[in-house]
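# Descriptive analysis of the structure
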Amino acid sequence: NALPSNSVTPLSDGSGVSTASSSVGFNSMRNFGASATFTAAAPLTVNADANVPLTLVNGDTLAYSPSQGGVLIRCPGIYLVFYTVHIPANQTISSSFSLELNGEALPSSTQTIGTASDSATSGSTVHTLVQASSGSLLTLNPSATVNLSGASSTPNVFTLTIVRLA
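Criteria and cut-off values
- Residues numbered from 1 in each chain as written.
- Predicted model: local features only at pLDDT ≥ 70, side-chain atom pairs only at ≥ 80, totals over all residues.
- Heavy atoms only, no water.
- Phe/Tyr/Trp six-rings, centres within 6.5 Å; stacked < 30°, edge-to-face > 60°.
- Helix = DSSP H or I, 4+ residues; strand = E, 2+ residues; numbered from the N terminus.
- Buried < 20%, exposed > 50% of the residue type's maximum accessible area, 1.4 Å probe, protein only.
- Pairing = 2+ DSSP bridges.
- Polar contact = N/O pair within 3.5 Å; in protein donor to acceptor, adjacent residues only side chain to side chain.
- Core = buried A, V, L, I, M, F, W, Y, C linked by side-chain atoms within 4.5 Å.
- Contact = heavy atoms within 4.5 Å.

## Regarding the packing of aromatic side chains
Aromatic rings considered in pairs are described by the distance between their centres and by the relative angle of their planes. In total, this model carries 2 aromatic pairs according to the counting rule given. Here Tyr64 and Tyr79 contribute two aromatic rings whose centre-to-centre distance is 6.0 Å and whose plane-to-plane angle is 70 degrees, an arrangement assigned as edge-to-face. Highlighted residues: Tyr64 in strand E5 (residues 64-67) and Tyr79 in strand E7 (residues 77-87), separated in sequence by 15 residues. With a relative accessible area of 0%, Tyr79 lands in the buried category.

Here is the structure:
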């Protein structure tokens, strides 16, 4: 039961592995261990189910690039992905956050954060393994609108780090 070439399967749920193959314009073997970090800072507003607008901070631009607010994965492989949501103090948030690959939620990547307007800083980090084909788009998406427009300039409200393992 082959998966389409743009599909991805979270490795943690045991549902299978993509049998798709694709070619890339560079030697994909040399990109083992390739990593990149993407961030988004306040003030910002992200609508429900929209992509958090991630920007490349540092990393291997042959393996990854920013695209549509997410991360374009240029090389097929298995990836370790970490993301952190760091809500500034005194911000009201009630949302689940999930990673999506090619528009499909990765079930092992969901976290829920709820803060009150008089709360201290709140944060959480999630990690997951995914298998992706060349050209896959990895995004971070909230289930409800996240309005941090009243927050002062806060670096790294959202941080996503990706590392190619195989």
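That covers the picture; the talk isn't over yet.
## Regarding unusual backbone geometry
A negative phi angle is the norm for most residues apart from glycine, just as the trans form is the norm for most peptide bonds. Pro43 follows Ala42 through a cis peptide bond whose omega is 0 degrees. Position of Pro43 relative to the elements: it lies in the loop between strand E2 (35-42) and strand E3 (45-46). Phi is positive for Asp49, which is not a glycine, with a value near 65 degrees. A relative accessible area of 58% places Asp49 in the exposed class. The phi torsion at Asn102 lies on the positive side, around 55 degrees, for a residue other than glycine.

## Details of the pairing of strand E8 (residues 93-101)
Buried residues dominate E8, accounting for 7 of its 9 residues. The sheet contact formed by E8 and strand E10 (residues 111-115) spans 5 bridges and is antiparallel. Residue pairing for E10: Ser95 is matched across the bridge by Ile113. For E8 and strand E12 (residues 136-142), the ladder comprises 5 bridges, and the chain directions are antiparallel. Its bridge partner lying in E12, Ser98 is registered against Asn141. Here E8 pairs with strand E9 (residues 104-105) via 2 bridges, running antiparallel. What sits directly across from Glu100, in E9, is Ala105. Linking E8 back to E9 in an antiparallel pair, the connection comprises 2 residues, with Asn102 at a positive phi of about 55 degrees.

## A word on the side chain of Ser136
Here Ser136 lies in strand E12. Among the polar contacts made by the side chain of Ser136, one reaches the main-chain carbonyl oxygen of Ser133 at a distance of 2.9 Å.

## Points about the nonpolar core
Across soluble globular proteins, nonpolar side chains have a tendency to be buried as a group. Of all hydrophobic cores here, the largest spans 37 residues; its most connected members are Tyr64, Tyr79, Leu138, Leu148, Phe158, Leu160 and Ile162. Of all elements in the fold, only E2, strand E6 (70-73), E7, E8, strand E11 (122-132), E12 and strand E14 (154-164) reach the threshold of two or more residues within this core. The leading source of residues in this core is E7, at 5 residues. Leu138 has contacts with Gly70, Val71, Ile73, Val81, Leu99, Glu100, Leu101, Leu106, Leu160 and Ile162, leaving out every residue within four places of it along the chain.

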